[in-house]
Amino acid sequence: PIVFEGETHGPGNWGGIVILGNAPTNRSASGTSTSELGDLVYGGTNTADNSRVMQYVVIKDSGFKYNPEKEFNGLSLFGVGSGTTISNIFITDGADDGVEFFGGNVNADHLVVIGVGDDSIDWTEGWQGTASYIYAARKKEYFNAAEPGNRGIEADTQDTDPNTTFGNGASNPNLTNVTLIGNVKGSESQGMKLRAGTQGKFNNVVLANFATGL
């Protein structure tokens, strides 16, 4: 695999991987917005936009926080289209989220997220792709850390307007074959938190060791 890692090992040692595409988000009528990471324009109208291939990749030690409001994820997908290949990605020992989808129509498969400081999988801004074969778990040695990890999935349509009709409209992904193993000691130990108007289809899901499942 291709390996991205910090100079020293541990959560937040470096930023993370950020991909910005031209597929719609629901932030504006034009389908475009400005990324919270790097302040760059992303999104558009091309649901089949192709940001090329990310396959057989390991991401370690990610999640650097460069101000109190902005923290990198392992893999951030901003307005990425369905022409893009995201497959066989392993994210471990990161701060903040493992994978976050900001709108777009990208499909992802074979995602493994181990020991991140916040949510394993996160989406917002009208993501309407698919994700299949996901395994996410907490690390026991992180249970008492400053960021022990909380939700397996945190899902939103959009943080400012859950009823938006811009871009793709509501988030509505299709998730299949998902295993989420939690940290029951966490302050927000939740297997899946679906909020802010998100929709979705969820098939063959296992939730274990969370204080709250769904």
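Residues numbered from 1 in each chain as written. Predicted model: local features only at pLDDT ≥ 70, side-chain atom pairs only at ≥ 80, totals over all residues. Heavy atoms only, no water.

Undergrad: Kindly report on the overall build of the protein chain, identifying the contributing residues and their values.
TA: Scanning the protein chain from N- to C-terminus turns up zero helices and 17 strands. Among the 214 residues that make up the protein chain, the fraction classed as buried is 53%. A fraction of 66% describes how many contacts in the protein chain between residues 6 or more apart in sequence connect residues 24 or more apart. Here the protein chain has roughly 9,100 Å² of accessible surface; of this, 49% comes from carbon and sulfur atoms. For the protein chain, the distance from the average site of its 13 positive side-chain charges to the average site of its 24 negative ones is 5 Å. (Helix = DSSP H or I, 4+ residues; strand = E, 2+ residues; numbered from the N terminus. Buried < 20%, exposed > 50% of the residue type's maximum accessible area, 1.4 Å probe, protein only. Contact = heavy atoms within 4.5 Å. Areas by Shrake-Rupley, 256 points an atom, 1.4 Å probe, with all protein chains shown as cover. Lys, Arg positive; Asp, Glu negative; His and termini not counted. Charge placed at Lys NZ, Arg CZ, Asp CG, Glu CD.)

Undergrad: Requested: an account of the pattern of salt bridges, with residues and values cited.
TA: With the rule as written, the count across this model stands at 10 salt bridges. Between R27 and E125 there is a salt bridge whose closest N-O contact spans 3.1 Å. With R27 in the loop between β2 (17–20) and β3 (32–34) and E125 in the loop between β12 (121–124) and β13 (130–137), the pair connects residues that are 98 residues apart, well separated along the chain. Of the charged contacts, one joins D39 and K70 as a salt bridge, the two residues approaching to 3.0 Å between their closest N and O atoms. (Salt bridge = Lys/Arg side-chain N within 4 Å of Asp/Glu carboxyl O.)

Undergrad: Hey, could you go over the nonpolar core for me, with residue numbers and the actual values?
TA: With 31 residues, the main nonpolar core has L75, L77, I86, I89, F101 and I121 as its most contacted residues. Residues contacting L77, with those up to four places away along its chain left out, are I19, I86, V99, E100, F101, F102 and V106. (Core = buried A, V, L, I, M, F, W, Y, C linked by side-chain atoms within 4.5 Å.)

Undergrad: Go over the sheet that holds strand β8 (residues 75–78) with me, naming the residues and quoting the values.
TA: Reading across from one edge, β2-β8-β10-β12-β14-β16 is the order of the six strands in this open sheet, with parallel pairing throughout. Edge positions in the sheet fall to β2 and β16 (192–194), since each of these pairs with one other strand and no more. Taking each pair of neighbouring strands and ignoring which way they run, the sheet shows an average axis angle of 5°. (Pairing = 2+ DSSP bridges. Axes fitted to C-alpha atoms, helices over the stretch in contact; angles between N-to-C directions.)

Undergrad: For the pairing of strand β15 (residues 174–181), give the residues involved together with the corresponding values.
TA: The side chains of a regular strand alternate, residue by residue, between the two faces of the sheet. When β13 meets β15, the two strands line up parallel, connected through seven bridges. Along β15, the bridge assignment pairs A137 with I181. Where β15 meets strand β17 (residues 201–208), seven bridges bridge the pair, whose relative direction is parallel. Residue pairing for β17: T176 is matched across the bridge by N203.

Undergrad: How would you sum up a nonpolar patch on the surface? Please name residues and give values.
TA: Nonpolar side chains collect at one region of the surface, where L194, V205, L207 and L214 lie side by side and expose about 330 Å² of accessible area between them. Inspection of the secondary structure puts L214 in the segment after β17. (Patch = residues over 30% accessible without salt bridge, like charges linked within 9 Å, V, L, I, M, F, W, Y side chains within 5 Å.)

Undergrad: Which residues make up the sheet that holds strand β1 (residues 2–4), and what are the values?
TA: Spatial ordering of the open sheet is given by β1-β5-β9-β11-β13-β15-β17, a layout of seven strands whose pairing is parallel. Where the open sheet ends on each side, the last strands, each with one partner, are β1 and β17. Taking the axes of each pair of neighbouring strands and ignoring which way they run, one obtains an average angle of 10° across the sheet. Sheet topology places strand β5 (residues 53–60) next to strand β9 (residues 85–92); seven bridges connect them, and they run parallel.

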